[in-house]
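So the chains spell out like this:
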Amino acid sequence: MELESVPGVGAKTAAALRELDDPERALSEGDVTTLARAPGISEGRAARIARGAIRAEHGDPGGFAATPRAREIFGEALGLLQERTVTDYAAKRLETLYPSGVRERIEEVRSFTERAMEREPDPDVRAALAGVEPLSEPGDVRVRDRCLATSDAERYAEAQEAIPEVSVEVVDDARQLAELARSYSTVVALDEAFAGVDVEGDVRVEPDALSEPASVVPERVLTFFARNRDRVRAAAEVHRVAGLDAPCDLGTLADALEQLDADGSVRGDDELDRLSTAVDDLDAAVSTAESVANDHLRDAIEERDVTIEGTDLLSLVERGAGVDSLLQRELADEYAAAVEKARDHLVDALRLRDTEATARRAFPDEPAYPVERQEDVVSRLREELTAARDRRATRRKRELADDLAEMRSDAESLVTAALELDVELAVARFAADFECTLPEVTDEGGFEIEGGRSPLLDVAFEEVEPVDYGVSGVTVLSGVNSGGKTSTLDLVALVTTLAHMGLPVPAESARIGRVAELHYHAKTQGTLDAGAFEATLREFGGLVTDVAADRPVMVLVDELESITEPGAAATIIAGILESLAEREVTAVFVSHLADDILEASDADLAIDGIQAEGLVDGELRVNRSPVKGKLARSTPELIVEKLADDGGDEGFYSGLLGKFE
Ligand SMILES: Nc1ncnc2c1ncn2[C@@H]1O[C@H](COP(=O)(O)OP(=O)(O)OP(=O)(O)O)[C@@H](O)[C@H]1O
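Calculation rules
- Residues numbered from 1 in each chain as written.
- Predicted model: local features only at pLDDT ≥ 70, side-chain atom pairs only at ≥ 80, totals over all residues.
- Buried ≥ 20, exposed ≤ 12 C-beta atoms within 10 Å, placed from the backbone.
- Helix = DSSP H or I, 4+ residues; strand = E, 2+ residues; numbered from the N terminus.
- Pairing = 2+ DSSP bridges.
- Near = placed C-beta within 6 Å.
- Nonpolar A, V, L, I, M, F, W, Y, C, P; charged D, E, K, R; others polar.
- Axes fitted to C-alpha atoms, helices over the stretch in contact; angles between N-to-C directions.
- Contact = placed C-beta atoms within 7 Å.
- Domains from an automatic or database assignment.
- Parallel < 35°, antiparallel > 145°, perpendicular 65-115°, else oblique.
- Left-handed = near helix turned anticlockwise from the far one by under 90°.
- UniProt positions renumbered as here; feature names shortened; annotations may be inferred.
- pLDDT = per-residue confidence, 0-100.
- Expected span 1.5 Å × (residues − 1).
- Core = buried A, V, L, I, M, F, W, Y, C linked by C-beta atoms within 7 Å.

Colleague: Outline the pairing of strand β7 (residues 467-471), listing residues and values.
Modeller: Only one face of β7 is covered, namely the one carrying V467, Y469 and V471; the face carrying D468 and G470 has none of its residues buried. Note that strand β6 (residues 447-452) and β7 share 4 bridges and pair antiparallel. Residue pairing for β7: E448 is matched across the bridge by G470.

Shown next as structure tokens:
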């Protein structure tokens, strides 16, 4: 996909998107979260770009929600779905769903919806989803104990690009390679030419290293999994609880993750733990070993009576001969035993194996009191243990990295599937919460809604009374005050919008004629000034002239009379309705002036009415479903009728009632 061909993507945005690993994939999958990672692209922008890509794919000109109120209804529909997601990803992903007049696009989402509606919204799955997030790529891994070396400038650039985690050094000859080997614990030479060169240190010649970055920097995959460990585990849990087919064996994945520490190091390896503890405890163990030897020796000396011959005493006094020689002669065995105890302690305490011989030399054979460590030997022991520990860590890291590298794409699929499940579950919950059905979307105009219940009403959903309403062509909807006219328009707009999004609608059943645009004009507050009135008229003028057979539209208008004086309003509404009636339009105009509109119109306009069925305890009882072809009686008329029925007024109320007819 050519990035610039997506509506709303210019050269600058395309450049930002190219910074992503696979922008085409993110676009075609509507992966808003990934798109929003491109520099300078906000999440709102990312959603618009993703929608643009989908529109481009389907040749959809867009513009379905053609008025502010139509856009509001779309926003509210989206909001109801987004409230039902667990993850941010799913909430963003839902933003790629939009009302479209293109059948192919509607069908595409409908097949997703059908699948989604079969899902069981299970609270345990929701709980597991809470820990799932898109995987993040750690961009900050630096490895300082290794370097790459090459003599070739081109390979140098290639290496920097392929393995940015390590330094790349230019070397011309074996001498320079040897210098590097002194500064780094491992040098990976990329040139075949260095094969066979004999330099001291860990220098490996690996001409293929760039195509296998994991062998040079196992940290890459380890850090990736360490950072994403909880998310992958949560995604695995989602699969387990929801009974989804996993792309890999979840037990094997869990075992591999179990071996990884949060900082990317390997855990649970006894040998590595042994060596690490030995390095850490070395000083303390040597000190304890000294004490063990000295305690033994002190006890031995204290228990012994040493007889010093006269000549010995003389030589001690005269020639300053050391007590050592005396010790050597008199207590040689005790000393040997003490030192042996110290050595055993050191070897046992640190659980030493390969380095045992060095450790034993940490205490000298020559008798001395107190027994003291040989600093140089202890240093050597530390070096040997550290080297063994590092070698073991590197080996285990590489082994684990190899295992995990093979699971990376499965882990990614696992997380994506869990996140997509959240999107589906949001739709499933929406459908369940509002008792939805998948509507029929047809090519013939008009709509037919049965048992529609708007979740946008200001009453709890359980209290919403079902509405049956159908219109084909153009109609005026009359109705008693507060009878539910605006709510009916909202319901029609919502059901139409959801149907064009490919989503289920809150109704027992619904048939919606496919349209290219929805023009929903909400009631204006108060009379408009001349300028605003002219602008509104122009809008309707434009609408009437633009409607074409291949772009059918739905027009919903609430009390247009509020824009000007009642007399003029009825004439204007009648004129607009007549013009719309001649075109491919489904229109519902809510008005209190139905009578006047009919009078002002030359055409035979349809009239529906939301009827009051009477007054019960001073409250209006309303039939919320508009009655076809019937002008609604007004509330005042009903009250006069009730008073007339009550009688005792000497004909005043019945006279008044007669005037309504
Ligand atoms: N289907 C319904 N189920 C339950 N309550 C409803 C329903 N439709 C409307 N109502 C209630 O009636 C109130 C008035 O509805 P609405 O504003 O749609 O009436 P209206 O006929 O447009 O009023 P007006 O005459 O002021 O234009 C709503 O706020 C809601 O509380």
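Colleague: Residue-level account of the site of the ligand, with values.
Modeller: Near the ligand you find 16 residues, and of these E465, G484, K485, T486 and S487 are the closest. Element by element, the count of residues in the shell around the ligand is highest for helix α19 (residues 485-501), at 3 residues. Each residue belonging to the shell around the ligand can be placed in one class, and the counts come to 4 nonpolar, 7 polar and 5 charged.

Colleague: Explain the sheet that holds strand β1 (residues 146-150) to me, using residue names and the numbers behind them.
Modeller: One open sheet accounts for 4 strands, arranged β2-β1-β3-β4; its pairing is parallel. Only two strands of the sheet have a single neighbouring strand rather than two, namely β2 (167-170) and β4 (202-205). Adjacent strand axes in the sheet meet at a mean angle of 25°, parallel and antiparallel pairs treated alike. Two strands pair when backbone bridges link them, and β1 and strand β3 (residues 186-189) are joined in this way by 4 bridges, in the parallel orientation. Looking at β3, one finds that L148 is bridged to V188. Sitting on the sheet, helix α10 (residues 174-183) is in contact with β1, β2, β3 and β4, with an inclination near 145° to β3.

Colleague: So what's going on with the sheet that holds strand β16 (residues 627-628)? Residues and values would help.
Modeller: The sheet built from 6 strands is open, its strands ordered β10-β11-β12-β8-β13-β16 with mixed pairing. This sheet does not close on itself; its edge strands, each paired only once, are β10 (517-521) and β16.

Colleague: Account for the domain arrangement of the protein chain, naming residues and giving values.
Modeller: Taken domain by domain, the protein chain consists of domain 1 (3-115), domain 2 (146-216) and domain 3 (440-660). Its C-alpha centre places domain 1 at a distance of 33 Å from the equivalent point of domain 3. At the interface, 23 residues of domain 1 touch 22 residues of domain 3. Of all the secondary structure elements, the ones that give two or more residues to the side of domain 1 that touches domain 3 are α5 (68-82) and α7 (103-117). Ranked by residues supplied to the side of domain 1 that touches domain 3, first place goes to α5 with 7 residues. In terms of residue class, the side of domain 1 that touches domain 3 is made up of 13 nonpolar, 5 polar and 5 charged.

Colleague: Describe the packing of helix α12 (residues 218-242) against helix α13 (residues 250-258), and please don't skip the residues or the numbers.
Modeller: Interhelical geometry of α12 versus α13 gives an angle of 155° and a closest axis separation of 11 Å. Considering the angle they form, α12 stands roughly antiparallel to α13. α12 and α13 meet at a crossing whose hand is left-handed. Within the contact between the two elements, α12 uses F225, R229, V232, R233, A236, H239 and R240 and α13 uses L250, L253, A254 and L257. Across the contact of α12 with α13, the residue classes break down as 7 nonpolar, 1 polar and 3 charged.

Colleague: Tell me about the packing of α12 against helix α18 (residues 375-433), and please be specific about residues and values.
Modeller: Orientation of α12 relative to α18, taken along the N-to-C sense of each, is 40°, at an axis distance of 7 Å. On the basis of the axis angle, α12 is oblique to α18. The chirality of how α12 crosses α18 is left-handed. Contact residues: α12 offers P218, V221, L222, F225, R231, V232, A235, A236, V238, H239 and A242, while α18 offers K397, R398, L400, A401, L404, A405, R408, A411, L414, V415, A418 and L421.

Colleague: Account for the UniProt feature "binding site: ATP" (unreviewed entry) in the protein chain, with residues named and values stated.
Modeller: Following the UniProt record, the feature "binding site: ATP" (unreviewed entry) maps to G479, V480, N481, S482, G483, G484, K485 and T486 here. By the secondary structure assignment, G483 is in the loop between β8 (474-479) and α19. Under the C-beta neighbour-count criterion, G483 is labelled buried, with 22 such atoms within 10 Å. If we ignore the near neighbours within four places in the chain, the residues touching G483 are I610, A612, V622 and A632. Checked against the element boundaries, G484 lands in the loop between β8 and α19. With near-sequence residues (within four places) excluded, G484 lies in contact with I610, V622 and R624.

Colleague: I'd like a description of the confidence of the model for the protein chain, backed by residues and values.
Modeller: Per-residue pLDDT for the protein chain averages 89, and the proportion of residues at 70 or more is 96%. Looking over the protein chain, one finds the lowest element-wise mean pLDDT in helix α15 (residues 310-319), namely 70, and the highest in β6, namely 98. Here the predicted complex carries an ipTM of 0.98, next to a pTM of 0.82.

Colleague: Help me get a handle on the environment of R389, residues and values and all.
Modeller: Along the chain, R389 turns up in helix α18. For R389, a count of 20 C-beta atoms within 10 Å translates into the label buried. Separated by 116 residues in the primary sequence, R389 and D273 have C-alpha atoms spaced 8.5 Å apart. Other than its neighbours up to four places away in sequence, R389 contacts L272, L275, S276 and V279.

Colleague: Before we move on, can you summarise helix α4 (residues 43-58) with the specific residues and values?
Modeller: Across its 16 residues, α4 extends 23 Å between first and last C-alpha, which sits within 8% of the 22 Å expected from 1.5 Å per residue. Turning to α4, its buried residues are A46, A47, R48, I49, A50, R51, A53, I54 and R55.

Colleague: Lay out the nonpolar core in plain terms, naming residues and giving numbers.
Modeller: Ranked by internal contacts, the top residues of the largest apolar core, which has 135 residues, are V492, V495, I573 and F589. Top element by residues in this core is α18. It accounts for 21 residues. Each of domain 1 (3-115) and domain 3 (440-660) accounts for three or more of the residues forming this core. In contact with F589, other than residues within four places in its own chain, are V476, L477, V557, L560, I573 and L577. The next biggest cluster of nonpolar side chains, apart from the first, holds 20 residues, and it includes A159, V171, L180 and V187.

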